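# A closer look at the structure
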Amino acid sequence: MTTRFDAEHTDETIETRLWLEEHDWLYALLKSEQNISPTFRFPDLISACVSLVFANDDASERIFEFLGTELVLRPPHGPRRRESMWMPQYELLLAVQRSPANRHPNPKFQLDQLTTACVALSRQAGLSGENILQQARVNMASRAAKRRESHLTS
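Residues numbered from 1 in each chain as written. Predicted model: local features only at pLDDT ≥ 70, side-chain atom pairs only at ≥ 80, totals over all residues. Heavy atoms only, no water.

## A short note on the packing of helix α3 (residues 42-54) against helix α6 (residues 111-124)
- Where α3 contacts α6, the two axes come as close as 8 Å, and the packing angle between them is 75°. Taken together, the axis directions place α3 and α6 in an arrangement best described as roughly perpendicular. Touching Ile 46, Cys 49, Val 50, Val 53 and Phe 54 of α3 are Thr 115, Cys 118, Val 119, Leu 121 and Ser 122, all from α6.
- Grouping the amino acids of the contact of α3 with α6 by side-chain chemistry returns 8 nonpolar, 2 polar and no charged. (Axes fitted to C-alpha atoms, helices over the stretch in contact; angles between N-to-C directions. Helix = DSSP H or I, 4+ residues; strand = E, 2+ residues; numbered from the N terminus. Parallel < 35°, antiparallel > 145°, perpendicular 65-115°, else oblique. Contact = heavy atoms within 4.5 Å. Nonpolar A, V, L, I, M, F, W, Y, C, P; charged D, E, K, R; others polar.)

Here you go:
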């Protein structure tokens, strides 16, 4: 049976995929002793990585640099894991996916590649799990505030 809460929140995340290397790194953070109270799940961790990358003005350039120099060298059919992310961070990646940098004559990258780039860039930046978990908290508080605002205005 679907509860009212479930029905209201099913459209707040979107499915994506992560390349195995980045998935395994996030899985280690998911299971780490740092991830407590609350215990954040993959949508929170992926979204935190996206938010941290987009905290810099050169996010798009950094993403495409990683894609064009590192991810492009991986086997194109390498294994990926299906996960989810929150909609606000998906919208950031969607804007990058629709940008001129992802149009002809440039190669076209998909959502899973953009998502993987953000996780990889967070990992390469040496971000501790602590930074990612803190950003997950900020993202959660932001979603709660927006939800509260929408309930007050409706």
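Still more ground to cover, so stick around.
## Here's the deal with helix α2 (residues 20-30)
- Taken residue by residue, α2 has Glu 22, His 23, Leu 26, Leu 29 and Leu 30 as its buried positions. Around the axis of α2, the buried residues are gathered within 120° of arc, so they sit on the same side. (Buried < 20%, exposed > 50% of the residue type's maximum accessible area, 1.4 Å probe, protein only. Arc of directions from axis to C-beta.)

## Thoughts on the nonpolar core
- With 36 residues, the main nonpolar core has Leu 26, Leu 45, Ile 63, Leu 67 and Leu 93 as its most contacted residues.
- Of all elements in the fold, only β1 (13-19), α2, α3, α4 (59-69), α5 (87-97), α6 and α7 (129-153) reach the threshold of two or more residues within this core.
- At 8 residues, α3 tops the list of elements feeding residues into this core. (Core = buried A, V, L, I, M, F, W, Y, C linked by side-chain atoms within 4.5 Å.)

## With respect to α6
- Its 14 residues place the ends of α6 20 Å apart at the C-alpha level, agreeing with the 20 Å of an ideal helix rising 1.5 Å per residue.
- Counting buried residues in α6 gives 12 out of 14 residues, a clear majority hidden from the surface.
- Leu 111, Asp 112, Gln 113, Leu 114, Thr 115, Thr 116, Ala 117, Cys 118, Val 119, Ala 120, Leu 121 and Ser 122 are the residues of α6 that are buried.
- After α6 finishes, the residue Gly 126 shows a positive phi value of roughly 75°. (Expected span 1.5 Å × (residues − 1).)

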